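Structural overview
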Amino acid sequence: MAPQIAHSSSIHPDNADVSVAQDGLFENLPVAVYTCDKNGVFTSFNTEAVELWGTAPVLGKDQFLGSWKMLKLNGEPLPVEETPMAISLRTGKSMSGERFLIERKDGSRVTVAPYPVPLYDTNGNLSGGMNTLINVTKIAEAEHKQALLAAIVNTSDDAIISKNLDGIISSWNVAAERMFGYTAKEAINRHISMLLPEERMEEENVIIDHIKRGLKVDHFETIRIAKDGTEIPISLTISPVTDARGKIVGASKIARSIKERLFSEEKQALLAAIVETSEDAIISKTLDGIISTWNSGAEKMFGYTADEAIGKHISILIPSDRNQEEILILSSIKNGMRVDHFETIRVHKSGKQIPISLSISPIMDSSGKIIGASKIARDISLQLQAQSESKRLYEQIKELNNKKDEFIGIASHELKTPLTSIYGYLQILDRLVNDETGVKFVNKTLIQVRKLTALVSDMLDVSKIEAGKLEFNPKPFEMKALIHEVIELLEQTFPNRSILCSFQSDDTMILADDRRIEQVLINLFTNALKYSPATGLVEVSVFLKEDNMVVSVKDQGAGIPADKLPHIFSKFYRADDASRVSGLGIGLYISHQIIERHHGQLWVENTGSTGSTFCFSLPV
Ligand code: ADP
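Residues numbered from 1 in each chain as written. Predicted model: local features only at pLDDT ≥ 70, side-chain atom pairs only at ≥ 80, totals over all residues. Heavy atoms only, no water.

1. As for the site of the ligand
The test is simple: We call a residue near a molecule or strand when any one of its heavy atoms sits within 4 Å of it. Whenever a nitrogen or oxygen atom comes within 3.5 Å of another N or O atom, the pair is scored as a polar contact, on the condition that within protein one atom can donate a hydrogen and the other can accept it, and that pairs from neighbouring residues in sequence are kept only if both atoms are in side chains. The method behind every accessible area is Shrake-Rupley, applied with a 1.4 Å probe, and residues are considered shielded solely by the protein chains displayed. Each helix corresponds to a stretch of at least 4 residues labelled H or I by DSSP, and each strand to a stretch of at least 2 residues labelled E; elements are numbered beginning at the N terminus.
Around the ligand sit 20 residues in total, of which Asn527, Tyr531, Asp555, Arg574 and Leu588 are the nearest. Between the ligand and the protein, one listed contact pairs a nitrogen atom with a side-chain N or O atom of aspartate 555 at 2.8 Å. A distance of 3.1 Å separates an oxygen atom of the ligand from a polar backbone atom of alanine 575. Against a free-state accessible area of 530 Å², the protein chains account for coverage of 96% of the ligand. For the shell around the ligand, the secondary-structure elements that each account for two or more residues are α14 (514-530), α15 (587-597) and β24 (611-619). Of the residues forming the shell around the ligand, the biggest block, three residues, is contributed by α14.

This is the structure:
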């Protein structure tokens, strides 16, 4: 809209010094100028002012505001009495340079810097004022842009550096400081070569050559050196910097660290290599069951090439009677759950069925949304074969073992009958024989027959234990008396050995099967004597510990090596060095069973070069 007044207008206020407000005096000035009386009422303005305000005030009427509105820079409205002209008239002083916004009726805004000057008449009295309004909109915009750019440069994660054509650094942002370790102060004015590895110095010449020809260098991947000497893989983008006349004066370079990208590429490559070399089939599929990746393990296992399988539905691998499985698997996956070691059957391209173990995990995108499933299938035919083979072998061994136990049972039973007769006849013979030699031989034979009978009974006990038929008849008895009985019995077999006894109390009454406990005592005492030197002393002590009676048998033998200890209570186990001493390796096994059946414990302690101590406890 054309302004009401197309050229400068003025009225002459009473007493006003009109010398500056003469018609046409500032009409052609390239800046907005107006005058007012001492009350701020407009007395003249030029065309530039109308241009700036977007309207023309009514001379002799409008006060202070030539435009629609005046605002502070932060957008708040500026009260009339705070306008620079009002202040200047009030204080009688000129003002300069503060910036304000002028809003025109059409809503557009301009930034102005008013320079109001108070005017005085010849008598020195304030007569009005003159204001020059400089339109600084473009400067403000440029400053804003500049500040914005500086903020972008400084908040960027990329190092942004500028240099002149001689390679001297002229600016250095915060990210450059972070990436290369030099502060801006340390870097500016130094040559860019401080970042170049020795073997890459030539790169700089090539780059500068490009820049001088006005060419950009885009995403150039290279290595630079940080202040601490570490090598940083970066991607460089370098553009020429031109002055106002378009002359190339330097280069700006943006360096992005690609360490993480290279690392993730490396990781990616490693993972891909693992997947490719895996013997397992590794397959991924969408949530609709469409195959999206297929490794060489899958190709080997199922017979389809990747080209044949990718894009097809996973059901090509599923036997028709197992289709339901896939529905269940997919619903687990959709709920974010894994399926682990699920043993099932899948079908080879040839139709052959393959037993496999499946592990399936959900695949998530970067926002954590489930987008598919990865499945690892392992062919378990060999494993199943091995399992059934070992099951077969186990059954076979079990059967043989049963047969062996059965044989031992029958054999020992059969041996026992003639042995009992031999023993009986020997006892009769013992009474009939009169000559000394005869008595001696009969006694020796009796000892051997007793030994043989003990061995046969032990074997019979083993088969009874195996069959769960070992019987117990508990009754109260004195442990002390039983121990003395056993010692007396053993004196015949080990005539020159001594067994020392100590009893914590004279009351050693206990409720147990005395014949079975006797068996345990014979075994422990015999072992203590057998496995220690002829001069070795055996000490037996009986004491109460908590609610148990403990019997301990200490010898001075060679002890039992630590690696053999876990086995000594097993059936038929004998330590390697025991072969010099006769035995079947069943005494401790039977003793252990007997004590356990009495709810007690049998153990060995302090075994070593100074001998072993075998102990058993029985609840009192
Ligand atoms: P056997 O004495 O008939 O071999 P046992 O079952 O009584 O069978 O003992 C198992 C094994 O434990 C013995 O062969 C021997 O190696 C070891 N052993 C048992 N008692 C002692 C001991 N007092 N000192 C050293 N070794 C022993």
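There's more to say after this.
2. What about unusual backbone geometry?
Peptide bonds are mostly trans, and most non-glycine residues show a negative phi. This is how the line gets drawn: Exposed residues in this analysis have more than 50% of their type's maximum accessible area, buried residues have under 20%, and partly exposed residues fall in between, with area computed by a 1.4 Å probe over protein chains only.
With phi around 45°, histidine 219 is a residue other than glycine that occupies positive phi space. Within the secondary structure layout, histidine 219 lies in strand β10 (residues 217-225). Residues other than glycine seldom take positive phi values, yet glutamate 546 does so here, at roughly 50°. Mapping glutamate 546 onto the fold places it in the loop between β21 (538-545) and β22 (548-554). The class for glutamate 546 is exposed, based on a relative accessible area of 74%.

3. Details of the packing of aromatic side chains
Just so we agree on the cut-off: Aromatic pairing here means that ring centres of Phe, Tyr or Trp (its six-membered ring) are within 6.5 Å. Orientation follows from the plane angle: under 30 degrees is stacked, over 60 is edge-to-face, and everything else is tilted.
Within the structure shown, the criterion is met by eight aromatic pairs. Relative to phenylalanine 42, the ring of tyrosine 34 lies with its centre 4.9 Å away and its plane at 55°, an arrangement referred to as tilted. An identical accessibility class is assigned to tyrosine 34 and phenylalanine 42; each is buried. Through a chain of ring-to-ring contacts, the aromatic side chains of Tyr34, Phe42, Phe45 and Trp53 assemble into a single cluster.

4. Observations regarding the environment of leucine 65
Inclusion rule: Residue contacts follow a heavy-atom distance rule, with two residues in contact if any of their heavy atoms lie within 4.5 Å.
As for its position among the elements, leucine 65 is in the loop between α1 (47-53) and β4 (69-71). Assessed through its relative accessible area of 21%, leucine 65 is described here as partly exposed. Sequence separation between leucine 65 and phenylalanine 42 is 23 residues, and the spatial gap between their C-alpha atoms is 8.8 Å. When residues no more than four places from it in sequence are discounted, the contact partners of leucine 65 are Phe42, Met70, Val80 and Thr83.

5. Remarks on the environment of proline 77
With respect to the helices and strands, proline 77 occurs in the loop between β4 and α2 (84-91). Given a relative accessible area of 61%, proline 77 falls into the exposed group. Leave out the neighbours within four places in its chain, and proline 77 touches Met70, Leu71 and Lys72.

6. A few points about the pattern of salt bridges
Definition in use: Any carboxyl oxygen of Asp or Glu within 4 Å of a side-chain nitrogen of Lys or Arg constitutes a salt bridge here.
One pass over the full model with this rule turns up 34 salt bridges. One salt bridge in this structure joins glutamate 204 and lysine 253, with 3.9 Å as the shortest N-O distance. With glutamate 204 in helix α6 (residues 201-212) and lysine 253 in strand β12 (residues 248-257), this residue pair connects regions lying 49 residues apart in the sequence. For lysine 253, a relative accessible area of 2% puts it in the buried group. For lysine 571, the salt bridge is made with aspartate 405, and the minimal N-O distance between the two is 4.0 Å. Placement of the pair is lysine 571 in the loop between β22 and α15 and aspartate 405 in helix α11 (residues 381-432), with a sequence separation of 166 residues. In this structure, a network of salt bridges that share partners links the residues Lys404, Asp405, Glu466 and Lys571.

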